[in-house]
Each structure stands twice: as C-alpha cells, then as structure tokens.
Amino acid sequence: MNLHIPYATDILRFLHRHHYTSVVPKAALIDMDGTLYDSMKNHTAAWYRLISELGIPCTREEFYLYEGRTGTATINLLFNRHLGHEADPEEALRLYKRKTEYFAELPRVEPMAGAQEMTRILRDAGITRVLVTGSGQSSVISRLNEDYPGIFADDLRVTSHNVTHGKPHPEPFIKAMQMARVSPSQCIVVENAPLGVEAGDRAGAFTIGVTTGPIPPAALEEAGAAVVFPSMPAFAQALPTLLLSLLTVHDIPS
Ligand code: CA
C-alpha cells in the first residue's frame, strides 16, 4: 500500500521497531561537529596531539569513533585503556581545556556544505530546530548565530554544559525534546557519527545518518539510523521528500 512512497520501507521498519503508528516531525534535533561544521579533521588532530603528548599510544582515526562523547568521557576511555584508571576530574577538565586550545589554534572550520540549506528547509517547513552537541568548544558554538542566522534559538541548545551523560546515552536528545516540548515520535535527529546515531535512536527519534567523513554508512545503519544519506548536499536535496513521506506513511498497529 504505502510502498511506492519514497523511503516507505525505511519509515515502516522504524515504526515497527519503535511501536509507533507514525512520525509527525515537529522538531529537528541537530548535531554540530561533522553535521553543521566540517570540524572533525580539526577535532581529531587536537585530540591526537593532546593524548600523544601524555605518552598514551593512539591513532588519529580512532577519534572519529569517539565523536559525540563528552571531553571527559573520551579522556577517561583512553586513561582506562592505557593506565587502568580514570583521570582525576580536575585533571580531565584541565586536559579538555588544553584540547580546546589546540583546536582553536587550527584553521577556522567552515559550515558543512549543504548544511545551511538543510536548516533553511527545516525552518521553512515550520520545524523547530534544536542544537544537540556533546561539545563545549566555545570557538565553534559562538559562531552558530553568524553561520546559521535565525536557525537556533538561544534556549534550544544542548551542549556539554547541560548534560550529565554524553552520547551514546540518550540524555542529550531527551533534554532537547523537553526543551522543544515534543515527544520522541515528533522528532527527527540529524547525525553523522555512530555514537550520536545510537543516542538518537535510543531516545526514540527517527534518526537520520549522514556520512560526512571516513565513517562508512554501514556503521551508521548498525548504530540504528532509520535512513542514511551519502552526503549533506544529498540529504538536503532529499529532505522535502522525506518530510512529506513521514507525514504520509503510517503503520497499522498489529
Ligand atoms: Ca557529530
């Protein structure tokens, strides 16, 4: 019946899995690094510099996989692996501060190609936008108003400063739903990394994975993405159709 509608298979699979009859998007919960900004190269470089300086063996690539964690969670993961214990909380804060300084020394990050168009489409469709990041990197957060004018209200931003648990815990997205006063089946999540996708799906939202770096699409599917797009421009182009399909495809409860 519904199957000739674009994305119907993906939408129905999501509805079955979460026991929803429909998704009626009223809010879009949007990740920042690797989604709104082409910033992951700089983040991985800054992390690699910090952790290598501590004498802890690591690879630059592994930091792509930690994307979404809070700074403290990433530091503790590496401390546990190499030293067998977590960092002292004050030391973790000091180290994360140094990481943000290394990041700020790198060339300015640019908005992700296609992301400004994506957010304008959401705005024009009357969908509330909420920023959901594990980052406390003020050098990027402070640029949102300039690069995404009129897109993110000041009181609709979840950052490392207002969550206890970072992604893959669902808390950041649940907090975003509370801020926007919407239920999980009234949300879409836009994410580029497996831990973020996992958090969005665990929060019950229709989670869209967009590959914007070296992470393969299969990793986003495995993490629970309802649908995966190969690039941000491809997602922006498909978004009006996807939104219409979400309003059209309903599941009949068994
Ligand atoms: Ca991200």
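Residues numbered from 1 in each chain as written. Predicted model: local features only at pLDDT ≥ 70, side-chain atom pairs only at ≥ 80, totals over all residues. Heavy atoms only, no water.

**Q** Pulling in residues and values, what's your account of the environment of Tyr-37?
**A** Structurally, Tyr-37 is set in the loop between β1 (27-30) and α2 (40-53). For Tyr-37, a relative accessible area of 0% gives the class buried. Residues Tyr-37 and Val-140, 103 residues apart in the sequence, show an inter-C-alpha distance of 8.4 Å. In this view, Tyr-37 contacts Met-32, Val-109, Glu-110, Pro-111, Met-112, Val-140, Arg-143, Leu-144, Asp-147 and Tyr-148; residues no more than four positions away in its chain are not counted. (Helix = DSSP H or I, 4+ residues; strand = E, 2+ residues; numbered from the N terminus. Buried < 20%, exposed > 50% of the residue type's maximum accessible area, 1.4 Å probe, protein only. Contact = heavy atoms within 4.5 Å.)

**Q** Can you lay out the coordination of the calcium ion for me, pointing to particular residues and giving the numbers?
**A** Between any two of four tetrahedral donors, the ideal angle at the metal is 109.5 degrees; between two of six octahedral donors, it is 90 or 180 degrees. Donor atoms from the polypeptide that bind the calcium ion are Asp-31 (OD), Asp-31 (OD), Asp-33 (O), Glu-67 (OE) and Asn-192 (OD1), placed at 2.2 to 3.2 Å. When the donors of the calcium ion are listed by position in the chain, the intervening gaps give D-x1-D-x33-E-x124-N. On the criterion of sequence distance, the pair formed by Asp-31 in the loop between β1 and α2 and Asn-192 in the loop between β4 (187-191) and α10 (194-202) is long-range, its members being 161 residues apart. Residue classification places Asp-31 among the buried residues on the basis of a relative accessible area of 5%. Using a relative accessible area of 5% as the deciding quantity, one classes Asn-192 as buried. (Donors = N, O, S within 2.8 Å, 3.2 Å for Na, K, Ca; no water.)

**Q** Provide a residue-level description of empty space enclosed by the protein, including the pertinent values.
**A** Overall, the coordinates contain one cavity of 30 Å³ or more when judged by the stated rule. Taken as a whole, the largest cavity holds about 250 Å³ of empty space. Lining the largest cavity are 22 residues, and of these Asp-33, Trp-47, Glu-67, Gly-68 and Arg-69 lie nearest its centre. Of all the secondary-structure elements, those providing two or more residues to the lining of the largest cavity are α2, α4 (71-83) and α5 (89-105). Looking at the lining of the largest cavity element by element, the count peaks at three residues for α2. (1 Å grid on protein atoms, 1.4 Å probe; cavity = no way out; pocket = protein on both sides within 12 Å on 5 of 7 lines; lining within 4 Å. Points joined across faces, edges and corners; volume = space filled by probe spheres on them.)

**Q** Describe the layout of surface pockets, listing the residues and the values that go with them.
**A** For the largest pocket, the calculated volume is near 180 Å³. Around the largest pocket sit Thr-70, Gly-71, Thr-72, Leu-93, Tyr-96, Gly-136, Ser-160, His-161, Val-163 and Thr-164, which together line it. Secondary-structure elements contributing two or more residues to the lining of the largest pocket are α4 and α5. When its residues are assigned to classes, the lining of the largest pocket shows three nonpolar, seven polar and no charged. (Nonpolar A, V, L, I, M, F, W, Y, C, P; charged D, E, K, R; others polar.)

**Q** Before we move on, can you summarise the pairing of β4 with the specific residues and values?
**A** For β4, the tally of buried residues reaches five of five residues, placing the bulk of the element in the interior. Along β4, one buried face is formed by Cys-187, Val-189 and Glu-191 and the opposite face, lined by Ile-188 and Val-190, is buried too. As defined by bridge partners, β1 adjoins β4 across four bridges and the pair is classed as parallel. Across the sheet, the residue bridging to Leu-29 is Val-189, located in β4. (Pairing = 2+ DSSP bridges.)

**Q** I'd like to hear about the pattern of salt bridges, residue by residue, with values.
**A** Taken as a whole, this structure holds 16 salt bridges when the rule is applied. Between Glu-91 and Arg-94 there is a salt bridge whose closest N-O contact spans 4.0 Å. Of this pair, Glu-91 and Arg-94 both sit in helix α5, three residues apart, which is roughly one turn of that helix. The partly exposed category is assigned to Glu-91, whose relative accessible area is 26%. Judged by its relative accessible area of 48%, Arg-94 is partly exposed. (Salt bridge = Lys/Arg side-chain N within 4 Å of Asp/Glu carboxyl O.)

**Q** Would you mind going over the packing of α4 against α5 in detail, with residue names and values included?
**A** Here α4 crosses α5 at 110 degrees, and the two axes come no closer than 9 Å. Relative to α5, α4 is oriented roughly perpendicular. Contacts between α4 and α5 pair Gly-71, Thr-72, Ile-75 and Phe-79 from the former with Glu-91, Ala-92, Leu-95 and Tyr-96 from the latter. Residue composition of the contact of α4 with α5, grouped by class: five nonpolar, two polar and one charged. (Axes fitted to C-alpha atoms, helices over the stretch in contact; angles between N-to-C directions. Parallel < 35°, antiparallel > 145°, perpendicular 65-115°, else oblique.)

**Q** Can you tell me about the packing of aromatic side chains, naming the residues and giving the values?
**A** This model, assessed by the stated rule, comprises nine aromatic pairs. Judged by centre distance (6.1 Å) and plane angle (5 degrees), the ring pair of Trp-47 and Phe-63 falls under stacked. With Trp-47 in helix α2 and Phe-63 in helix α3 (residues 62-65), this pair connects stretches of sequence that are 16 residues apart. Residues Trp-47 and Phe-63 agree in their burial class; the two are buried. Taken together, the ring pairs in this structure connect Trp-47, Phe-63, Tyr-66 and Tyr-96 into an aromatic cluster. For Arg-49, the ring lying beneath its charged end belongs to Tyr-102, and the centroid distance is 3.6 Å. (Phe/Tyr/Trp six-rings, centres within 6.5 Å; stacked < 30°, edge-to-face > 60°. Lys NZ or Arg CZ within 6 Å of the ring centre and 35° of its normal.)

**Q** Got a sec to walk through the nonpolar core? Specific residues and values, please.
**A** Judged by nonpolar contacts, the single largest core of 61 residues is most densely connected at Leu-36, Met-118, Leu-122, Phe-206, Ile-208 and Phe-235. With eight residues, helix α12 (residues 232-248) is the largest single contributor of residues to this core. When sequence neighbours within four positions are dropped, the list of residues in contact with Leu-122 reads Ala-28, Ile-30, Ile-127, Arg-129, Ile-188, Leu-239 and Leu-243. With 17 residues, the next largest nonpolar core counts Val-132, Met-177, Cys-187 and Ala-199 among its residues. (Core = buried A, V, L, I, M, F, W, Y, C linked by side-chain atoms within 4.5 Å.)

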